[in-house]
Amino acid sequence: MPELPEVEGFRRYLRRHAEGRRIERVRAEPGIVRNASPQRLGRALRGARIGPPQRHGKWLACPVGDATLLLHFGMTGSLVWSGQEPERHRHDRMLLSLEGGELRYRDMRKLGGVWLARPGQELEEVTGPLGPDAYRLDRGELVKILSGKRGGIKAALMDQRAVAGLGNLLVDEILWRAGVHPRRAIPELREDDLARIAETTEEVLRLSIEGGGVAPDGPWLLERRDRRDAACPRCGSPLDRVTVGGRTSVFCPGCQAP
DNA sequence: TTGCATGTTCCGGA
DNA sequence: GTCCGGAACATGCA
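Here we summarise the structure given alongside this text. All values reported here derive from a predicted model rather than from experimental measurement.

Rules of the game
- Residues numbered from 1 in each chain as written.
- Chains lettered and ligands numbered in written order.
- Predicted model: local features only at pLDDT ≥ 70, side-chain atom pairs only at ≥ 80, totals over all residues.
- Heavy atoms only, no water.
- Near = heavy atom within 4 Å.
- Polar contact = N/O pair within 3.5 Å; in protein donor to acceptor, adjacent residues only side chain to side chain.
- Nonpolar A, V, L, I, M, F, W, Y, C, P; charged D, E, K, R; others polar.
- Pairing = 2+ DSSP bridges.
- Helix = DSSP H or I, 4+ residues; strand = E, 2+ residues; numbered from the N terminus.
- Axes fitted to C-alpha atoms, helices over the stretch in contact; angles between N-to-C directions.
- Core = buried A, V, L, I, M, F, W, Y, C linked by side-chain atoms within 4.5 Å.
- Buried < 20%, exposed > 50% of the residue type's maximum accessible area, 1.4 Å probe, protein only.
- Contact = heavy atoms within 4.5 Å.

Quick word on the protein's contact with DNA strand C
In the vicinity of DNA strand C, the contacting residues are Arg90, His91, Met108, Arg109, Lys110, Leu111, Arg150, Gly151, Gly152 and Gly245. Here the atoms of DNA strand C within 4 Å of the protein split so that 71% fall in sugar or phosphate, with bases taking the remainder. Gly152 has a polar backbone atom sitting 3.1 Å from a phosphate oxygen of DNA strand C. Interatomic distance of 3.4 Å between a backbone N/O atom of Gly245 and a phosphate oxygen of DNA strand C. The class makeup of the residues in the surface near DNA strand C is two nonpolar, four polar and four charged.

What about the sheet that holds strand β5 (residues 77-81)?
Taken together, four strands build an open sheet; the order of strands is β1-β6-β7-β5 and the sheet is antiparallel. With partners counted over all chains shown, the strands left at the sheet margins are β1 (23-28) and β5, one partner each. Across this sheet, the average inter-strand angle for adjacent strands is 15°, counted without regard to direction. In this structure, β1 lies alongside strand β6 (residues 92-98), joined through five bridges in antiparallel fashion. Within β6, the position partnered with Arg25 by the bridge is Ser97.

Considerations on the nonpolar core
One recurring pattern in soluble globular proteins: nonpolar side chains tend to sit buried together. In terms of nonpolar packing, the biggest core is built from 31 residues, with Leu69 and Leu71 touching the most fellow members. No other element matches the four residues that helix α1 (residues 4-17) contributes to this core. Once residues lying within four places of it in the same chain are set aside, the contact partners of Leu69 are Leu41, Leu45, Leu60, Ala61, Cys62, Val64, Met94, Leu96, Val114 and Trp115.

Thoughts on the environment of Pro187
Along the chain, Pro187 falls in the loop between α6 (168-178) and α7 (191-210). Sequence separation of Pro187 and Gly148 is 39 residues, and the distance between their C-alpha atoms is 8.9 Å. Pro187 has contacts with Lys149, Arg150 and Gly151, leaving out every residue within four places of it along the chain.

Below you can see the structure in the form of C-alpha cells.
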C-alpha cells in the first residue's frame with residue numbers, strides 16, 4: 001500500500017489512536033530496528049509520551065520524549081491499533097504497549113523498518129536527502145524541479161531526492177492522466193506537458209488523500225492495472241505495460257504516445 | 001513451480 | 001559526473 005496517501009493515512013491514524021499516550025513497553029524483532037538494538041530502542045522510548053507525528057514523503061517522524069521514532073513502510077508496511085484489531089498478527093514486527101492499548105508496526109516483507117533518531121540528530125541522517133514533500137509542493141515548483149532534470153520522466157517523479165512521496169502506482173496514474181508515456185525523456189517534453197503533469201500530481205494526491213488511500217470517485221487507472229486484459233478507462237484501448245527502472249509501468253498506448 | 005509485487009540501495013556498464 | 005538496468009532484501013499470492 002504505502003505511497004504518500006497511505007502514509008498520510010497512517011499519520012492520521014497514529015494521531016487519532018496513539019498521540020499523547022505514554023509508552024509502557026516496547027518489543028521489536030531484531031532486524032526491523034535498523035539503527036539500534038531493540039533494547040536500546042526500548043530504553044529510549046519507555047516512559048515517554050508520543051508527540052504529534054509529521055510526514056515527509058513516505059516517512060513518518062514521531063516525536064517520543066526528546067527522541068524521534070522514524071517509520072518507513074516499504075511495500076507492505078502498516079500500523080494497527082489494538083482497539084481496531086484485538087488480535088496480534090505474525091507480521092507485527094514492533095509492538096508499543098501504551099496506556100490504553102497497543103500500537104503495532106506490521107510489515108510482511110520487512111522492506112520497511114523503524115529508526116531511532118537521537119535528540120538533536122538530523123532526520124536526514126536517517127532518511128537520506130529528500131526533496132520537498134509532493135503534497136505540499138505547488139505546481140510551479142514541481143515544474144521547476146522537473147525541468148532541471150535530464151533523464152526519463154517516470155524516474156524523475158519517483159526520485160525521492162527530487163520530490164518526496166511518489167511511487168510506482170501513483171506515477172503511472174499521474175502520467176496516464178497527463179497523457180505522457182512513461183518512457184519519455186524530460187528534455188523532449190513541452191512546457192505544457194510538464195504543466196499538466198504538475199496539475200495531475202496535485203489532483204491525484206488530493207483525491208487519494210481525501211479518499212483515505214485510493215478511493216476512486218471517477219475513472220482511475222489504479223483500479224484496472226492489475227487485470228491482464230484491462231482497457232483504458234478513458235478511451236477503451238487495451239492497456240499496455242513496459243518496464244521502466246526495473247518496475248512495471250502500465251499505460252494506455254492510445255492516450256500516452258511514445 | 002514460476003513470476004510478480006506499492007520501496008530503497010548498491011553495483012556495474014555505457 | 002550522469003543515466004540506466006539489474007540484483008538484492010523477505011514473503012505471499014496467483
